[in-house]
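If you want the building blocks of each chain, they are given just below.
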Amino acid sequence: QVQLVESGGGLVQPGGSLRLSCAASGRIFSLSLMGWYRQAPGKQRELVAAMTSGSTTNYAESVKGRFTISRDNAKNTMYLQMNSLKPEDTAVYYCNVRRGPGLAMPGDYWGQGTQVTVSS
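About the thresholds
Residues numbered from 1 in each chain as written. Predicted model: local features only at pLDDT ≥ 70, side-chain atom pairs only at ≥ 80, totals over all residues. Heavy atoms only, no water. Disulfide = S-S within 2.5 Å. Helix = DSSP H or I, 4+ residues; strand = E, 2+ residues; numbered from the N terminus. Buried < 20%, exposed > 50% of the residue type's maximum accessible area, 1.4 Å probe, protein only. 1 Å grid on protein atoms, 1.4 Å probe; cavity = no way out; pocket = protein on both sides within 12 Å on 5 of 7 lines; lining within 4 Å. Points joined across faces, edges and corners; volume = space filled by probe spheres on them. Nonpolar A, V, L, I, M, F, W, Y, C, P; charged D, E, K, R; others polar. Core = buried A, V, L, I, M, F, W, Y, C linked by side-chain atoms within 4.5 Å. Salt bridge = Lys/Arg side-chain N within 4 Å of Asp/Glu carboxyl O. Phe/Tyr/Trp six-rings, centres within 6.5 Å; stacked < 30°, edge-to-face > 60°. Lys NZ or Arg CZ within 6 Å of the ring centre and 35° of its normal.

Moving on, we get to the state of the cysteines. Evaluated as defined, the whole model comprises 1 disulfide. Bridging Cys22 to Cys95, the disulfide has an S-S length of 2.1 Å. Disulfide Cys22-Cys95: torsion about the S-S bond near 60°, hence right-handed. A residue pair is termed long-range when its members are at least 10 positions apart, and Cys22 in strand β3 (residues 18-24) and Cys95 in strand β9 (residues 91-99) qualify at 73 residues. A single burial state applies to Cys22 and to Cys95, both of which are buried.

The computed volume of the largest pocket comes to approximately 160 Å³. Around the largest pocket, the lining is made up of 13 residues, and of these Arg38, Lys43, Glu46, Glu88 and Asp89 lie nearest the centre. Considering only residue class, the lining of the largest pocket consists of 2 nonpolar, 4 polar and 7 charged.

Right, let's talk about the nonpolar core for a bit. Taken as a class, soluble globular proteins show a tendency for nonpolar side chains to be buried jointly. In terms of nonpolar packing, the biggest core is built from 31 residues, with Leu4, Met78, Leu80, Met82 and Tyr93 touching the most fellow members. Those elements that place two or more of their residues in this core are β3, β4 (33-39), β5 (46-51), β7 (67-72), β8 (77-82), β9 and β11 (114-118).

One pass over the structure, following the stated rule, counts 5 salt bridges. In this structure, Asp89 engages Arg38 in a salt bridge whose closest nitrogen and oxygen atoms are separated by 3.0 Å. A residue pair is termed long-range when its members are at least 10 positions apart, and Asp89 in the loop between β8 and β9 and Arg38 in strand β4 qualify at 51 residues. Note that Arg98 and Asp108 form a salt bridge whose closest N and O atoms lie 3.3 Å from each other. Linking Arg98 in strand β9 with Asp108 in strand β10 (residues 107-110), this pair joins segments that are 10 residues apart in sequence. Arg98 gets classed as partly exposed once you look at its relative accessible area, which sits at 36%. Relative accessible area serves as the criterion here: at 43%, Asp108 is assigned to the partly exposed category. A single network of salt bridges, built from pairs that share partners, joins Arg38, Glu46, Arg66 and Asp89.

On to the packing of aromatic side chains, then. Counting across every chain of the model gives 1 aromatic pair. Lying over the aromatic face of Tyr94, Arg45 brings its terminal NZ or CZ to 3.8 Å of the ring centre. Note that Arg45 overlies the ring of Trp110, its terminal NZ or CZ placed 4.8 Å from the centroid.

Following this line, the structure appears as structure tokens:
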């Protein structure tokens with residue numbers, strides 16, 4: 001069973017930066033769709049950034065130009081670099097990896113979530 005372990009959340013002032021990491025217990029990043037989601041209190045979980053197996057990226061309008069998704073296949077780790085953080089970015093952030101049924105270790109995997117709080 002693949003596990004995703006997140007780290008890097010915390011409290012940061014507006015305008016600051018954080019880098020979230022998501023380490024996988026197995027080699028699942030190749031041929032996978034990867035993404036970062038967030039859920040603020042009282043709101044639905046939303047997609048923040050996504051990356052295809054071919055490294056095409058997509059971002060929510062609210063984070064474009066501020067957040068960057070990346071991965072290191074050799075380290076089985078994906079990242080979310082967050083710059084120019086705003087109070088409205090406050091949420092629990094989750095990493096997600098999806099592998100199709102024709103691949104080894106197929107499934108929809110989620111990290112445990114990490115809290116990001118942007119406040120002065």
